[in-house]
Amino acid sequence: MQFKIIAAQDLDKLQRQQIAELCFTAFDEDPWGQYAFMQTASHLVGILDEKIVSHALWTDRVFTIHSNNQVKTAYVEYVTTDEMMRGKGLASQLLRYLIDALTTLGYELAALQPEDDAFYKKLGWISWLGDLYIKQNTSTYLTDEHEILLYPLSVKLKELLSQHNTDTADDAICTDWREGELW
Ligand SMILES: CC(C)(COP(=O)(O)OP(=O)(O)OC[C@H]1O[C@@H](n2cnc3c(N)ncnc32)[C@H](O)[C@@H]1OP(=O)(O)O)[C@@H](O)C(=O)NCCC(=O)NCCS
């Protein structure tokens, strides 16, 4: 499988159409229909025989971890493989490529909200067991109904998250509000 990273605004008509089809099949929506911030997403596509068969995208967020660590985070969504091509390891390959690419691009952390975490955990993603807060204007509120998985990319983050297991006193991630799904 060949991989390409393409900014949302640089997708050509055919690429948009193929991504939309994959996402409609998996999620009943394409990524761009509802939220303006998706226009600035970066797409990773896996291509076989000139067709996009596997896809993920990420948007930029800043996570504040343990109150004082501002972390450049890639928030990953719309992970899907063509229905006819599932179970062949394509999404696993795509996500491994994604982790390498994000590390090269200088992200410190990747994060996502899983539909089912078993698939991601096999690939090394870890559950965040602490609290999740959203900051909106001047207020900050707890969103304890959500679960996210993390993949630390920098040495600093690997160390920070390993403390997470032993020091639960101040375990919180906070990030800015966004439209649509907060996490
Ligand atoms: C989840 C999805 C992206 C996996 O794509 P894929 O290309 O088939 O993935 P892979 O072939 O790399 O699967 C890797 C492994 O995860 C397993 N797996 C796949 N989907 C899984 C799920 N929902 N729950 C648990 N395990 C899953 C596979 O059985 C496989 O296991 P194996 O390595 O032991 O054989 C694909 O099933 C899909 O598009 N689903 C619909 C959209 C979706 O749910 N996306 C995830 C949003 S968070």
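Residues numbered from 1 in each chain as written. Predicted model: local features only at pLDDT ≥ 70, side-chain atom pairs only at ≥ 80, totals over all residues. Heavy atoms only, no water.

### Re the overall build of the protein
Each helix and strand in the protein was counted, giving four helices and ten strands. The helix and strand sequence of the protein, counted from the amino end, reads β-α-β-β-β-α-β-α-β-β-β-β-α-β. Expressed as lengths along the three principal axes of its C-alpha atoms, the size of the protein is roughly 50 × 35 × 25 Å. Counting over 183 residues, the protein shows a buried share of 49%. Relative to all contacts within the protein whose residues are 6 or more apart in sequence, the contacts with residues 24 or more apart total 70%. (Helix = DSSP H or I, 4+ residues; strand = E, 2+ residues; numbered from the N terminus. Buried < 20%, exposed > 50% of the residue type's maximum accessible area, 1.4 Å probe, protein only. Contact = heavy atoms within 4.5 Å.)

### Some details on the site of the ligand
As a structural note, the neighbourhood of the ligand is formed by 19 residues, with Thr-80, Gly-87, Gly-89, Ser-92 and Lys-122 the closest of them. In this structure, Arg-86 approaches the ligand through a side-chain N or O atom, which is 3.3 Å from an oxygen atom. Note that an oxygen atom of the ligand is positioned 2.7 Å from one of the backbone N or O atoms of Gly-87. In the complex, 67% of the free accessible area of the ligand, which totals 890 Å², lies under the protein chains. Counting only elements with at least two residues in the shell around the ligand, the list comes to helix H1 (13-27), strand E4 (69-81), helix H2 (90-104) and helix H3 (117-122). With four residues, the top contributor of residues to the shell around the ligand is H3. Among the residues making up the shell around the ligand, the classes are represented as nine nonpolar, five polar and five charged. (Near = heavy atom within 4 Å. Polar contact = N/O pair within 3.5 Å; in protein donor to acceptor, adjacent residues only side chain to side chain. Areas by Shrake-Rupley, 256 points an atom, 1.4 Å probe, with all protein chains shown as cover. Nonpolar A, V, L, I, M, F, W, Y, C, P; charged D, E, K, R; others polar.)

### Thoughts on the UniProt feature "domain: N-acetyltransferase" (unreviewed entry) in the protein
The positions UniProt marks with the feature "domain: N-acetyltransferase" (unreviewed entry) are residues 1-147. Structurally, residues 1-147 comprises 24% helix and 39% strand, and the distance from its first C-alpha atom to its last is 31 Å. (UniProt positions renumbered as here; feature names shortened; annotations may be inferred.)

### Re the pattern of salt bridges
Applying the stated criterion across every chain, the model contains four salt bridges. Measuring nitrogen to oxygen at the nearest pair gives 3.7 Å for the salt bridge that ties Glu-108 to Lys-156. In this pair, Glu-108 is assigned in the loop between H2 and strand E5 (109-112) and Lys-156 in helix H4 (residues 155-166), connecting sequence segments 48 residues apart. Residues Asp-117 and Lys-121 are paired through a salt bridge, measuring 3.5 Å at the closest nitrogen-oxygen approach. Here Lys-121 and Asp-117 lie together in helix H3, a separation of four residues that amounts to about one turn. Under the relative-accessibility criterion, Lys-121 is labelled partly exposed at 38%. (Salt bridge = Lys/Arg side-chain N within 4 Å of Asp/Glu carboxyl O.)

### Observations regarding H2
Side chains of residues three or four places apart in an α-helix project in the same direction, reflecting 3.6 residues per turn. Given a rise of 1.5 Å per residue, 15 residues ought to cover 21 Å, and the 21 Å separating the end C-alpha atoms of H2 matches this to within 8%. Buried residues of H2: Leu-90, Ala-91, Ser-92, Leu-94, Leu-95, Leu-98, Ile-99, Ala-101 and Leu-102, and no others. Of the residues one or two after H2, Gly-106 is the one with positive phi, at around 90 degrees. (Expected span 1.5 Å × (residues − 1).)

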